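A structural walkthrough
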Amino acid sequence: MPRRLPALVLLLLAALLLPAPAAAHDATTTARAEVTGTGADVRVVLDLEYDLLMKSAWLYASAYDAKERAEQLRQLKLNRDAVVEYVTERFAVTYDDRPCAPTLTRDADVRPRDRKTFAVLTFAFACQSGSGGTHAISSALFPDAETFVHSTETLVRYDLDGKRGSAVLVAESPTLKVGERARSDQAGEFFLLGAEHLLTGLDHVLFLLALLIGARRLRDVVVTATAFTAAHSITFLLAALGLVDVPGAIVEPVIAASIIVVALANLLGRDEDRLGRRRLPIVLAFGLVHGLGFAGALDIDRSGSWELLLSLLSFNAGIEATQLALIAVLFPLLTLLRRTPWARWAMIALSVPIVGVSLYWLVERLPLPL
């Protein structure tokens with residue numbers, strides 16, 4: 001083995017622990033749209049990241065820097081016209097290719113999700129056409145050209161004229177014609193959404209890396225991955241279908257704590273079988289919690305939403321495929337490190353930053369009084 005290879009491997013793995021740059025354009029966002037109605041009357045409920053919406057509408061810092069719920073509601077009401085203008089110029093509903101006229105039907109609301117605040121805007125779209133027409137939904141919200149974020153996705157769930165479904169709208173494919181997309185297209189969209197969620201969710205990636213650091217043999221990897229997959233798949237589906245409801249204020253801190261526990265086990269453990277019988281229950285328990293975190297990405301909270309089962313399964317399959325790809329890349333690199341004279345120090349060098357970052361997340365996510 002070349003003398004420099006272990007150092008290069010360690011450098012590559014350690015790079016996974018570095019936080020992403022803070023520049024705004026390095027961030028992404030997902031808008032959500034709930035579209036219901038029949039014929040000429042369509043109702044749309046949009047969930048848009050609050051501070052991004054206020055920045056994109058070119059409002060003052062007093063608007064997008066607001067942190068308290070009361071002040072955010074006040075700013076949304078004060079800047080109602082600017083917010084409505086921004087949104088309706090970029091989100092549209094048509095009926096037989098004729099634009100439907102949007103009207104904001106109530107004052108905007110706000111709600112927390114994924115450690116962020118989202119503005120909730122409810123619109124009525126009045127459409128003009130004969131019966132039996134076809135609706136189309138288009139989104140160009142938060143485009144790359146505005147430079148605040150990139151690769152915005154709009155997750156659409158619709159129940160229009162008796163047709164139900166979901167889709168992910170992106171810049172390359174910004175329009176959904178209701179009833180025209182095949183189920184295979186819908187499944188592919190949610191597969192990619194699941195893969196993206198895992199890759200951009202650094203906490204889930206670090207948890208997986210911490211598990212792999214503690215797995216010395218291929219058998220350990222198989223058992224670890226199977227246990228984690230089985231556990232998070234169960235709670236993901238139950239939570240996404242509305243059968244289990246655990247607040248994010250509980251789930252997010254526990255996810256951070258789970259990373260700390262597994263990383264500390266790597267630092268303190270001295271037995272050769274790092275997974276062992278004592279670690280398997282930990283993986284199962286924390287896998288259940290991570291499944292709740294995955295479900296939060298879709299924000300599906302309606303009990304019995306079985307029409308979305310294909311989307312949910314595709315989303316979960318995207319998570320699993322990406323997880324397996326990460327294992328295929330990371331485990332051989334970790335195996336190379338274990339064959340070096342400084343293997344123990346390398347594992348410590350990887351585990352300590354994981355503990356540090358996770359401790360920061362834990363403190364940040366706990367609802368502690370200032």
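All figures in this text were calculated on a predicted structure; none of them were measured in a lab.

**A short note on the overall build of the protein chain**
When helices and strands are counted, the protein chain shows 12 helices and 11 strands. Within the protein chain, the fraction of its 370 residues that count as buried is 47%. In the protein chain, the share of contacts with a sequence separation of at least 24, taken over all contacts with a separation of at least 6, comes to 75%.

**Here we look at the packing of helix α7 (residues 202–213) against helix α12 (residues 343–365)**
Where α7 contacts α12, the two axes come as close as 11 Å, and the packing angle between them is 145 degrees. In this structure, the crossing between α7 and α12 has a hand that is left-handed. Mapping the contact onto sequence places L202, D203, L206, L209, A210 and I213 in α7 and M347, L350, S351, I354, V357, W361 and R365 in α12. Looking at the contact of α7 with α12 residue by residue, the classes come out as 10 nonpolar, one polar and two charged.

**Digging into the pairing of strand β7 (residues 116–126)**
For strand β2 (residues 41–49) and β7, the ladder comprises nine bridges, and the chain directions are antiparallel. Of the residues in β7, the one forming a bridge with L46 is L121. Relative to β7, strand β6 (residues 109–113) runs antiparallel, the two sharing five bridges. Within the sheet, the bridge partner assigned to V110 lies in β7 and is A119. Linking two consecutive strands that pair antiparallel, namely β6 and β7, is a turn of two residues; a positive phi of about 55 degrees is found at D114 within it.

**Structural notes on the state of the cysteines**
Overall, the coordinates contain one disulfide when judged by the stated rule. With its sulfur 2.1 Å from that of its partner, C100 forms a disulfide with C127. Around the S-S axis, the bridge from C100 to C127 shows a dihedral of about 105 degrees and counts as right-handed. Taken together, the positions of C100 in the loop between β4 (98–99) and β5 (101–104) and C127 in the loop between β7 and β8 (135–139) put the pair 27 residues apart, joining distant regions of the chain. For C100, a relative accessible area of 7% puts it in the buried group.

**What to know about the pattern of salt bridges**
Counted according to the given criterion, the structure contains nine salt bridges. A salt bridge links R157 to E34, with the shortest nitrogen-to-oxygen separation between them at 2.8 Å. Pair noted here: R157 is in strand β9 (residues 153–160) and E34 is in strand β1 (residues 30–38), with a separation of 123 residues, a long-range link. In terms of burial, R157 and E34 fall into one category: buried. Salt-bridge contacts for D159 lead to R164; the nearest nitrogen and oxygen are separated by 3.1 Å. The class for D159 is partly exposed, based on a relative accessible area of 27%. Through salt bridges with shared partners, a single network forms among E89, R90 and E146.

**Structural notes on the sheet that holds strand β3 (residues 91–95)**
What the four strands build is an open sheet, ordered β4-β3-β8-β11; its pairing is antiparallel. The open sheet has two edge strands with one neighbour each: β4 and β11 (175–177). In terms of strand pairing, β8 meets β11 through three bridges, oriented antiparallel. Bridge pairing in β11 links I137 to L176.

**Some words on a nonpolar patch on the surface**
A cluster of nonpolar side chains, namely I234, L238, L243, V244, V246, I250 and L288, defines an oily patch on the protein surface of about 530 Å² accessible area. Position of L238 relative to the elements: it lies in helix α8 (residues 218–240).

**Let's talk about the packing of aromatic side chains**
One pass over the full model with this rule turns up five aromatic pairs. A ring pair is formed by W58 and F148, whose centres lie 5.5 Å apart and whose planes are at 55 degrees; its orientation type is tilted. Here the residue W58 occupies a position in the loop between α2 (50–56) and α3 (61–64), and F148 occupies one in the loop between β8 and β9, the gap between them amounting to 90 residues. Accessibility expressed as a relative area gives 68% for W58, which makes it exposed. Consider the rings of F123 and F125, whose centres lie 6.2 Å apart with planes at 50 degrees: the pair is tilted. The exposure classification of F123 matches that of F125, with both residues buried.

**Things to note about the UniProt feature "transmembrane region" (unreviewed entry) in the protein chain**
The UniProt record annotates "transmembrane region" (unreviewed entry) at residues 190–214, 221–244, 250–268, 280–298, 310–333 and 345–363. The distance from the first to the last C-alpha atom of residues 310–333 is 35 Å, and the span holds 100% helix and 0% strand. Helix makes up 100% of residues 345–363 and strand 0%, with an end-to-end C-alpha separation of 27 Å.

**Overview of α7**
Taking 1.5 Å per residue as the helical rise, α7 with its 12 residues ought to reach 16 Å, and the 16 Å between its terminal C-alpha atoms agrees with that figure. For α7, the tally of buried residues reaches 11 of 12 residues, placing the bulk of the element in the interior. Those residues of α7 lying buried are D203, H204, V205, L206, F207, L208, L209, A210, L211, L212 and I213.

**Points about the packing of helix α9 (residues 248–268) against α12**
One way to put it is that α9 packs onto α12 with a least axis distance of 8 Å and a crossing angle of 160 degrees. Judged by the inter-axis angle, α9 sits roughly antiparallel to α12. As for the relative orientation of α9 and α12, their crossing is left-handed in sense. In contact with E252, P253, I255, A256, A257, I259, I260, A263, L264, N266, L267 and L268 of α9, α12 contributes R344, I348, S351, V352, I354, V355, S358, L359, W361, L362 and R365.

Reading the values: the criteria
Residues numbered from 1 in each chain as written. Predicted model: local features only at pLDDT ≥ 70, side-chain atom pairs only at ≥ 80, totals over all residues. Heavy atoms only, no water. Helix = DSSP H or I, 4+ residues; strand = E, 2+ residues; numbered from the N terminus. Buried < 20%, exposed > 50% of the residue type's maximum accessible area, 1.4 Å probe, protein only. Contact = heavy atoms within 4.5 Å. Axes fitted to C-alpha atoms, helices over the stretch in contact; angles between N-to-C directions. Left-handed = near helix turned anticlockwise from the far one by under 90°. Nonpolar A, V, L, I, M, F, W, Y, C, P; charged D, E, K, R; others polar. Pairing = 2+ DSSP bridges. Disulfide = S-S within 2.5 Å. Salt bridge = Lys/Arg side-chain N within 4 Å of Asp/Glu carboxyl O. Patch = residues over 30% accessible without salt bridge, like charges linked within 9 Å, V, L, I, M, F, W, Y side chains within 5 Å. Areas by Shrake-Rupley, 256 points an atom, 1.4 Å probe, with all protein chains shown as cover. Phe/Tyr/Trp six-rings, centres within 6.5 Å; stacked < 30°, edge-to-face > 60°. UniProt positions renumbered as here; feature names shortened; annotations may be inferred. Expected span 1.5 Å × (residues − 1). Parallel < 35°, antiparallel > 145°, perpendicular 65-115°, else oblique.

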